[in-house]
Protein chains: 2
Amino acid sequence: MNLELTPVQTVACCSPLSGEPLSASEAEGIAPLLKALADPVRLRLMSLVASHEGGEACVCDLNGAFDLSQPTISHHLKILHAAGLLEREKRGVWVYYRARTDALASLAALIGGHSK
Amino acid sequence: MNLELTPVQTVACCSPLSGEPLSASEAEGIAPLLKALADPVRLRLMSLVASHEGGEACVCDLNGAFDLSQPTISHHLKILHAAGLLEREKRGVWVYYRARTDALASLAALIGGHSK
DNA sequence: CGTAAATATTTACACTCATCTATGTCTTAA
DNA sequence: TTAAGACATAGATGAGTGTAAATATTTACG
């Protein structure tokens with residue numbers, strides 16, 4: 001049994017910023033999610049994946065969109081995956097990433113939500 | 001005449017992540033906003049200010065909530081203010097901060113919004 | 001098997017950042 | 001004018017981060 005919270009559970013834990021003050025541990029759970037998003041390359045990666053047809057994109061689709069080395073893109077994808085913002089599925093030689101829209105929605109509710 | 005975009009305008013520029021792919025310059029405009037939020041202390045500061053009675057809080061209210069030095073809190077408040085997430089107003093000896101709920105709402109719409 | 005292609009890992013490095021201590025500025029009051 | 005309190009700035013330091021080069025891993029296909 002796993003006592004760790006998934007990132008989605010972590011961010012779904014709390015009332016919005018404008019509601020109750022966040023506890024220290026809640027904030028420490030949520031900050032890594034925002035940190036993962038808080039990079040121009042990773043923002044574009046999320047956007048490219050989320051808006052790609054079929055809701056998914058393989059790394060080969062993503063590498064070309066940046067003026068960065070392939071390992072660097074791979075590194076950013078790993079961070080987004082570790083944060084729970086991207087799902088990873090290997091099909092043959094290719095790896096497909098899919099956006100966790102539920103995690104994004106929870107995060108959005110936390111940031112912009114109104115207390116009832 | 002000022003050609004710089006305010007942070008709120010910056011984040012209000014774009015369709016949500018799941019809509020059109022973000023351009024490089026859009027992503028570079030938005031990432032600093034997320035970066036400002038992507039710290040446990042700053043998340044709690046935003047939450048404390050936003051949920052404080054009257055929608056504002058003075059630094060004296062905030063310092064006590066953390067086990068950090070006063071200059072460190074001041075530093076974080078400066079970052080949030082520079083990002084456009086907090087308004088600053090000096091009244092007498094005290095400085096009051098107020099959350100830019102419009103900026104938070106725009107950010108939330110960008111992250112979690114659906115492309116109609 | 002051997003080769004090529006797609007993606008990940010490792011290592012190294014420059015750079016940024018969170019924090020502290022010390023000090024400065026500004027405001028109010030005595 | 002002096003003193004005290006609230007908040008900001010400056011400088012220093014140790015930890016973290018984005019990037020590239022080199023290398024490894026995995027899969028498909030002759």
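Positions within a chain are numbered from 1, following the residues in the order the chain's sequence is written. Just so you know, chain letters begin at A and ligand numbers begin at 1, following the order they were written in. Per-residue local features are limited, in this predicted model, to residues with pLDDT of at least 70; the limit for side-chain atom pairs, both in listing and counting, is 80 or more; totals at the level of whole chains, interfaces and linings are taken over all residues. Note that water and hydrogens are dropped before the side-chain values are worked out from all heavy atoms of the structure.

Draft legend 1. Looking closely at the environment of Leu107 of chain A. Only DSSP runs of H or I with at least four residues qualify as helices, and only runs of E with at least two residues qualify as strands; both kinds are numbered from the N terminus onward. Its location among the elements puts Leu107 of chain A in helix H6 (residues 101-112). Expressed as a C-alpha distance, the spacing of Leu107 of chain A and Ala12 of chain A, which sit 95 residues apart in the sequence, is 7.6 Å. When checking whether two residues touch, look at their non-hydrogen atoms; a contact exists if any pair is within 4.5 Å. Dropping the residues within four chain positions of it, Leu107 of chain A is found in contact with Val11, Ile30, Leu33, Leu34 and Leu37 of chain A together with Ile111 of chain B.

Draft legend 2. Representation of the state of the cysteines in the model. Residue and element names in this part refer to chain A. Criterion for a disulfide: a pair of cysteine sulfur atoms within 2.5 Å. Per the stated rule, a full pass over the model turns up two disulfides over all chains. What pairs with Cys58 in a disulfide is Cys60, and their sulfur atoms sit 2.0 Å apart. Disulfide Cys58-Cys60: torsion about the S-S bond near -50 degrees, hence left-handed. Summary of the burial criterion: residues with accessible area below 20% of their type's maximum are buried, those above 50% are exposed, and those between are partly exposed, where the area comes from a 1.4 Å probe applied to protein chains only. A residue is classified by how much of its surface remains accessible, and Cys58, at 3% relative accessible area, is buried.

Draft legend 3. Main features of the protein's contact with DNA strand D. We call a residue near a molecule or strand when any one of its heavy atoms sits within 4 Å of it. For DNA strand D, the set of nearby residues contains 25 residues, the closest of which are His76 of chain A together with Gln70, Ser74, Arg88 and Tyr97 of chain B. Restricting the count to atoms of DNA strand D within 4 Å of the protein gives a sugar and phosphate share of 77%. Within the backbone of Cys60 of chain B, an N or O atom sits 3.0 Å from a phosphate oxygen of DNA strand D. Among the secondary structure elements, those contributing two or more residues to the surface near DNA strand D are helix H5 (70-82) of chain A together with helix H4 (59-63), helix H5 (70-82) and strand S3 (94-99) of chain B. Ranked by residue count, the leading element in the surface near DNA strand D is H5 of chain A, at five residues. Residues are grouped as follows: nonpolar covers Ala, Val, Leu, Ile, Met, Phe, Trp, Tyr, Cys and Pro; charged covers Asp, Glu, Lys and Arg; every other residue, Gly included, is treated as polar. Residues that form the surface near DNA strand D fall into these classes: 12 nonpolar, seven polar and six charged. Counted as a polar contact is a pair of N or O atoms within 3.5 Å, where, for protein atoms, one must be capable of donating a hydrogen and the other of accepting one, and residues adjacent in sequence contribute only when both atoms are in side chains.

Draft legend 4. Main features of the relation of the copies chain A and chain B. What sets the superposition is a least-squares fit of C-alpha atoms, and only residues with pLDDT of at least 70 in both copies go into it. Mapping chain A onto chain B leaves a residual RMSD of 0.0 Å; the transformation is a rotation of 180 degrees accompanied by 0.0 Å of translation along its axis. Taken together, the rotation angle and the small translation identify this as a two-fold axis. Identified as the residue of chain A closest to the rotation axis by C-alpha distance is Ala108 of chain A, at 2.1 Å. In this assembly the copies share their binding face: 100% of the residues contributing to the interface of chain A also contribute to that of chain B.

Draft legend 5. Local environment of the interface of chain A and chain B. Chain A puts 31 residues into the contact, and the matching count from chain B is 31 residues. The junction of chain A with chain B conceals about 2600 Å² of combined surface from both sides, 77% of it contributed by carbon and sulfur atoms. For the chain A face of the interface with chain B, the top three residues by lost area are Leu17, Leu43 and Ile111 of chain A, together amounting to 22%. Summed over the shared surface of chain A and chain B, the result is four residue pairs in polar contact (both at pLDDT 80 or more). Partitioning the side of chain A that touches chain B into residue classes produces 20 nonpolar, six polar and five charged. Throughout, buried area stands for the accessible area (probe radius 1.4 Å) lost by two parts on being put together, summed over both.

Draft legend 6. Summary view of H6 of chain A. Any helix carries an expected span of 1.5 Å times its number of residues minus one. Between its terminal C-alpha atoms H6 of chain A stretches 16 Å, which fits the 16 Å expected from 12 residues at 1.5 Å a residue. Along H6 of chain A, the residues that are buried comprise Ala103, Leu104, Ser106, Leu107, Ala108, Leu110, Ile111 and Gly112 of chain A.

Draft legend 7. Highlighting the side chain of Glu56 of chain A. Residues and elements named next belong to chain A. Topologically, Glu56 is positioned in strand S1 (residues 56-58). On the basis of relative accessibility, which here comes to 15%, the residue Glu56 falls in the buried class. Within the structure, Glu56 has its side chain in polar contact with the side chain of Arg98 (distance 2.8 Å). If we skip the residues at most four places from it in the chain, Glu56 touches Val49, Arg91, Tyr96, Tyr97 and Arg98.

Draft legend 8. How the structure looks around the pattern of salt bridges. Residues and elements named next belong to chain B. Any Lys or Arg side-chain nitrogen located within 4 Å of an Asp or Glu carboxyl oxygen qualifies as a salt bridge. Taken as a whole, this structure holds 10 salt bridges over all chains when the rule is applied. A salt bridge links Arg91 to Glu56; the nearest nitrogen and oxygen atoms lie 2.7 Å apart. On the criterion of sequence distance, the pair formed by Arg91 in strand S2 (residues 86-91) and Glu56 in strand S1 (residues 56-58) is long-range, its members being 35 residues apart. Here Arg91 falls in the partly exposed class, since its relative accessible area comes to 34%.

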